[in-house]
Amino acid sequence: MLPHFPLSAPISLDFKDELHFMLSKTTDGVSEYTFANLYLFRSRYDYQISIDDNGALIIQGTLNGKKFFETPCSLPSSAVLKALLDTNDYWKCIPESILQEFPSLADDFGIEIIEDRDNFDYLYLKTDLAVLSGKKFHKKRNLVNAFLLAYPQNSFLPLTKDLVGNAVTVLEHWREDKGSDGDYEASREALDMFEELGLEGTVYYIKGKAAAYCLGEPLANGRIFGLHFEKGIDEYKGIYQWVNQSFAANLSDSYTYINREQDLGDEGMRQAKMTYRPCGFVKKFTGKK
């Protein structure tokens with residue numbers, strides 16, 4: 001069982017079922033709030049987890065030398081929240097649903113709550129990405145058509161254990177192209193453990209050679225599919241546009257939205273994500289004394 005605050009423990013596979021049950025009931029669709037995502041980035045943020053006496057999940061971590069805490073599912077008791085605010089530099093990734101449920105939160109605890117725009121998740125209608133219809137998607141549609149003309153011998157398969165090696169080949173090529181590791185460590189572990197972590201993916205091929213892959217999982221009780229990893233080989237011009245469209249077109253109709261995560265304040269990434277015309281954002285907020 002999860003330790004009770006103020007005790008805590010590192011995230012491990014021992015807590016998978018318990019955390020998955022708690023996080024799967026969240027309705028906002030925050031991309032960070034899945035067991036897989038927390039587990040894969042456990043070392044980067046030194047995540048520690050606990051619950052309070054009311055059963056509220058508490059995540060504590062460190063980023064750039066600053067201590068933070070998160071409350072993904074519900075608000076902890078007033079005493080625990082006060083203790084967390086006193087011992088951490090800030091309250092990270094506050095879901096919008098919590099602020100809507102407790103509109104006087106800032107005044108009650110003497111904190112400032114601000115939008116964390118750099119960490120807003122981009123939300124797209126699945127049908128928009130699948131069909132790319134209308135003038136607003138004219139350029140994207142042209143890029144996909146040009147790709148299909150240049151590479152008519154294309155195919156894709158659902159990720160299975162037998163195909164992990166193909167995806168790893170793409171990942172290694174991606175790291176070499178980028179000249180940096182980026183999220184390589186988490187990406188590699190996600191492939192090695194995709195079944196155990198409940199992730200789903202697709203591997204894309206050109207002339208039988210692996211050229212891209214993507215990996216994600218359901219969010220918000222299955223209304224949203226969260227795409228955590230998407231890697232491609234840059235030498236195939238238009239590969240990412242094709243993968244984006246093809247993945248959406250073949251995603252189950254049970255999903256209404258695709259969450260393509262945040263831009264982290266990178267202007268180039270922000271511009272690229274905006275060109276796909278998001279229908280909205282999964283908003284996140286930061287709280288500070």
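For the structure, check the block above.
Parameters at a glance
Residues numbered from 1 in each chain as written. Predicted model: local features only at pLDDT ≥ 70, side-chain atom pairs only at ≥ 80, totals over all residues. Heavy atoms only, no water. Helix = DSSP H or I, 4+ residues; strand = E, 2+ residues; numbered from the N terminus. Rg over C-alpha atoms; globule rule 2.2 N^0.38 Å. Buried < 20%, exposed > 50% of the residue type's maximum accessible area, 1.4 Å probe, protein only. Phe/Tyr/Trp six-rings, centres within 6.5 Å; stacked < 30°, edge-to-face > 60°. 1 Å grid on protein atoms, 1.4 Å probe; cavity = no way out; pocket = protein on both sides within 12 Å on 5 of 7 lines; lining within 4 Å. Points joined across faces, edges and corners; volume = space filled by probe spheres on them. Pairing = 2+ DSSP bridges. Axes fitted to C-alpha atoms, helices over the stretch in contact; angles between N-to-C directions.

Caption draft 1: Geometry of the overall build of the chain. Along the backbone of the chain there are twelve helices and 14 strands. A compact globule built from 289 residues would reach a C-alpha radius of gyration of about 19 Å, and the chain, at 20 Å, matches this within 12%. Across its three principal axes, the chain shows a C-alpha extent of roughly 60 × 40 × 35 Å. When the 289 residues of the chain are sorted by exposure, 52% land in the buried category.

Caption draft 2: Quick peek at the packing of aromatic side chains. A full pass over the atoms with the stated rule returns 15 aromatic pairs. For the ring pair tyrosine 122 and phenylalanine 281, a centre distance of 5.1 Å and an interplane angle of 70° mean the geometry is edge-to-face. One end of the pair, tyrosine 122, is in strand E7 (residues 121-125); the other, phenylalanine 281, is in strand E13 (residues 280-282), with 159 residues separating them in the sequence. The interplanar angle of 55° and the centroid separation of 5.3 Å between the aromatic rings of phenylalanine 225 and phenylalanine 247 together place this pair among those described as tilted. Of this pair, phenylalanine 225 sits in strand E11 (residues 224-232) while phenylalanine 247 sits in helix H11 (residues 239-250); the two residues are 22 residues apart in sequence, bridging distant segments of the chain.

Caption draft 3: Expanded view of the layout of surface pockets. Within this model, the largest pocket holds a volume of roughly 1600 Å³. If you trace the largest pocket, you find 41 residues lining it, with Asp183, Gln262, Leu264, Met269 and Lys273 closest to the centre. Going through the elements one at a time, helix H3 (42-45), strand E5 (90-95), helix H9 (164-178), E11, H11, helix H12 (267-274) and strand E14 (284-288) are the ones with two or more residues in the lining of the largest pocket. Here the lining of the largest pocket takes five residues from E11, the largest share from any one element. Taken as a whole, the second largest pocket holds about 300 Å³ of empty space. Together, 23 residues line the second largest pocket, and His20, Ser24, Thr34, Glu217 and Pro218 are the ones closest to its centre.

Caption draft 4: Focus on the sheet that holds strand E9 (residues 200-206). Here we have seven strands laid out as an open sheet, ordered E8-E9-E10-E11-E12-E7-E13, and mixed in their pairing. Edge positions in the sheet fall to strand E8 (154-158) and E13, since each has one partner strand and no second. Here the strands of the sheet are splayed against their neighbours by 30° on average, with no regard to which way each runs. Relative to E13, E7 is paired through three bridges, and the arrangement is antiparallel. Paired with tyrosine 122 across the two strands is phenylalanine 281, which belongs to E13.

Caption draft 5: Main features of the environment of leucine 7. Relative to the helices and strands, leucine 7 resides in the segment before strand E1 (9-10). Spatially, the C-alpha atoms of leucine 7 and aspartate 52 are 9.6 Å apart, while their sequence positions differ by 45 residues.

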